[in-house]
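Descriptive analysis of the structure
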Amino acid sequence: MDFRFIPEQEEFRKEFISWVEKNLPDDWDSARYRKYETQEKLKQAYKDFQKKLFDAGYAAMHYPKEYGGQGRTLMEEIIVLQVLSTTCIELRMPGVVTHGMAVPTIFTCGSDEQKKIFLPKIFDGTHIWCQGFSEPDAGSDVANVSTMAVKEGDHYIVNGQKVWTSYAHMSDYCLLLVRTDPDTAKHKGLSYLLVDMSLPGIDVRPMTQITGEAEFNEVFFTDVEVPIEMLVGHENQGWQIAITTLMFERVIGDVVIGAAYEKNIHRMIEMAERTKRSGKAVIEDPVFRQQLAKSYIEVMVLKYHGLRSFSHQLKGGIPGPEGSIGKLLWSEPNQRLTETAIGMQGPNSQIMGGSPWSIDDGMWQYAFLRSKGNTIEAGTSEIQRNIIGERVLGLPKDISRAKIAKGKD
Ligand SMILES: Cc1cc2nc3c(=O)[nH]c(=O)nc-3n(C[C@H](O)[C@H](O)[C@H](O)COP(=O)(O)OP(=O)(O)OC[C@H]3O[C@@H](n4cnc5c(N)ncnc54)[C@H](O)[C@@H]3O)c2cc1C
């Protein structure tokens, strides 16, 4: 199969790259890994850049015009996402859940009114979304969600707590998984709400990660009144919709992150050429050469797996359990890749950015620490392997999940 772009697509790619170069924020410094000192500045930079993309006709390329999209082709969407990943992925991070989960879920499962209200505001950068699934007692076992939503008149009254909610502190809306029927089997009593994060009774408390950043949060809900029009699908249909959201989350990484890793592997090769260990360039060390080759192969496998699953998704298919393969392909190899980078730097690897001795402004230190979350976020590696075993290979069910399916606790 020939994966090269045809001349028109290559022309569009060049045109878009040149647009991005001219339209990155004025204070954008591609040599600096941490672009913004505060999360508030990062949020504003994301929103401003998304607005520019929208105004120039590069946002939501393949979504229908009636919902604010461009009504263009699947390939143009892939080209735009890949260029953005390799030029300014840091600027895109606040929108990862928004574009990777909120957009496809609302588009696939939302009512026509919900699509018309929410999608255009996402595409033009007005709104950022977060995903409120995990709770202190419901992570891998999402069906265990205990945040309650009780219908009273034309509202649901929501009480409970979410945790690890990425970008909740920047978000305007939340994809919220709640329990609406506590008396039935766990996965049958869930519902899916679109919640305005400015409603009274919502308390967002940032949590600091190993990187020193507070990217995710605890979110507390106390008597929050959510209008019933914000229900997605039917009451107690939340499990099916949540699975759809998670499938999309697993697939988006393949194309977007795959392109970013490809850039990183070339940065690593370049670092191996200029970094010396025991008087010799690291690139000449046989062990590091093996590790670099292994990482390169893993990134290429992710890239081509991503192109296949993303094209299936954008042709109208809802991603299936094979999305778990992509999740494993972007999470575990990234931990190996960043470990290799740290190993190459030797003792200098202990120095973060900002020091005259730090290499690449501390980019690899940040990437190494952040990669630890890769095998947990969007479902742990163990859970992905269970899904592949049961739903792709047809192996017998994991005992704890078999109990859930039968409605036992
Ligand atoms: C960086 C980051 C960002 C995140 N962002 C979000 C977000 O925006 N929104 C959100 O809702 N959540 C988010 N999460 C939460 C994430 O989805 C959960 O952490 C994850 O699903 C695991 O749940 P848990 O932490 O409760 O671990 P647990 O479910 O308690 O699992 C603990 C360990 O047991 C293993 N385990 C559990 N069940 C099984 C089983 N059946 N078979 C084999 N092994 C099993 C797990 O693999 C894991 O190693 C984020 C997490 C991270 C790290």
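Since the structure is predicted, the reported quantities are computational estimates derived from the model, not experimental observations.

Calculation rules
Residues numbered from 1 in each chain as written. Predicted model: local features only at pLDDT ≥ 70, side-chain atom pairs only at ≥ 80, totals over all residues. Heavy atoms only, no water. Phe/Tyr/Trp six-rings, centres within 6.5 Å; stacked < 30°, edge-to-face > 60°. Helix = DSSP H or I, 4+ residues; strand = E, 2+ residues; numbered from the N terminus. Buried < 20%, exposed > 50% of the residue type's maximum accessible area, 1.4 Å probe, protein only. Lys NZ or Arg CZ within 6 Å of the ring centre and 35° of its normal. Salt bridge = Lys/Arg side-chain N within 4 Å of Asp/Glu carboxyl O. Axes fitted to C-alpha atoms, helices over the stretch in contact; angles between N-to-C directions. Parallel < 35°, antiparallel > 145°, perpendicular 65-115°, else oblique. Left-handed = near helix turned anticlockwise from the far one by under 90°. Contact = heavy atoms within 4.5 Å. Nonpolar A, V, L, I, M, F, W, Y, C, P; charged D, E, K, R; others polar. Lys, Arg positive; Asp, Glu negative; His and termini not counted. Polar contact = N/O pair within 3.5 Å; in protein donor to acceptor, adjacent residues only side chain to side chain. pLDDT = per-residue confidence, 0-100. Pairing = 2+ DSSP bridges. Near = heavy atom within 4 Å. Areas by Shrake-Rupley, 256 points an atom, 1.4 Å probe, with all protein chains shown as cover. Domains from an automatic or database assignment. Expected span 1.5 Å × (residues − 1).

The subject of this paragraph is the packing of aromatic side chains. Following the criterion strictly, the structure yields 13 aromatic pairs and no others. Aromatic side chains Phe-12 and Tyr-58 sit 6.1 Å apart centroid to centroid with 50 degrees between the ring planes, which places their arrangement in the tilted category. Pair noted here: Phe-12 is in helix H1 (residues 7–23) and Tyr-58 is in the loop between helix H2 (39–55) and helix H3 (74–92), with a separation of 46 residues, a long-range link. An identical accessibility class is assigned to Phe-12 and Tyr-58; each is buried. Geometrically, the ring pair formed by Tyr-63 and Phe-123 is tilted, given 5.5 Å between the ring centres and 35 degrees between the ring planes. Of this pair, Tyr-63 sits in the loop between H2 and H3 while Phe-123 is found in helix H5 (residues 112–123), placing the two residues 60 residues apart along the sequence. The burial state of Tyr-63 is the same as that of Phe-123; both residues are buried. Taken together, the aromatic side chains of Phe-12, Phe-16, Trp-19, Phe-49 and Tyr-58 make up a single cluster linked through ring pairs. Taking the ring centre of Phe-107 as reference, the NZ or CZ of Lys-115 above it sits at 5.4 Å.

Here the structure, examined in full by the defined rule, presents 18 salt bridges. In this structure, Glu-135 and Lys-162 form a salt bridge, with 2.8 Å as the shortest nitrogen-oxygen distance. Residue Glu-135 is located in the loop between strand S1 (129–132) and strand S2 (148–152), and its partner Lys-162 is located in strand S3 (residues 155–162); the two are separated by 27 residues in the primary sequence. Residue Glu-135 shares its accessibility class with Lys-162, and that shared class is buried. Via salt bridges that share partners, Glu-215, Arg-370 and Glu-377 belong to a single interconnected network.

Here we take up the packing of H1 against H2. Contact pair H1 / H2: the axes reach a minimum separation of 12 Å and the direction vectors enclose 140 degrees. The angle between H1 and H2 falls in the class oblique. H2 is crossed by H1, and the crossing has right-handed handedness. Between H1, through Phe-16, Trp-19 and Asn-23, and H2, the contact on the second element is made entirely by Phe-49, Lys-52 and Leu-53. Residues that form the contact of H1 with H2 fall into these classes: four nonpolar, one polar and one charged.

Secondary-structure assignment places Lys-115 in helix H5. It is Asp-112 that comes nearest to the buried, bridge-free Lys-115 among opposite-charge side chains, at 5.0 Å. Only 3.3 Å separates the side chain of Lys-115 from the backbone oxygen of Phe-107, close enough to count as a polar contact. Once residues within four sequence positions are removed from consideration, Lys-115 is found in contact with Tyr-67, Ile-106, Phe-107, Gly-110 and Pro-120.

Moving on to the confidence of the model for the protein chain. Overall, the predicted model of the protein chain reaches an average pLDDT of 90, with 93% of residues at or above 70. Per-residue pLDDT stays below 50 along residues 405–409; that stretch engages in six contacts with residues further than four places along the chain or on separate chains.

A few words now on the pairing of strand S7 (residues 216–227). Alignment of S3 against S7, held across seven bridges, turns out to be antiparallel. In the strand pairing of S7, His-155 is matched with Pro-227.

So, about the site of the ligand. The environment of the ligand is made up of 19 residues, and the closest members are Gln-131, Ser-140, Trp-164, Thr-380 and Glu-382. In this structure, an oxygen atom belonging to the ligand sits 3.0 Å away from a main-chain N or O atom of Phe-133. Here a nitrogen atom of the ligand sits 2.7 Å away from a polar atom, N or O, in the side chain of Ser-166. Its free accessible area being 970 Å², the ligand has 70% of it covered by the protein chains. When the residues that make up the shell around the ligand are grouped by side-chain class, the tally is five nonpolar, ten polar and four charged. Domain assignment of the residues forming the shell around the ligand places at least three in each of domain 2 (130–236) and domain 3 (240–407).

Under the 1.5 Å per step criterion, the end-to-end length of H2 is 24 Å for 17 residues, consistent within 8% with the ideal 24 Å. If you check which residues of H2 are buried, you get Leu-42, Lys-43, Ala-45, Tyr-46, Lys-47, Phe-49, Gln-50 and Leu-53. The secondary structure elements touched by the buried residues of H2 are H1, H3, helix H4 (96–109) and H5. Looking one or two residues past H2, Gly-57 carries a phi angle of roughly 85 degrees, positive in sign.

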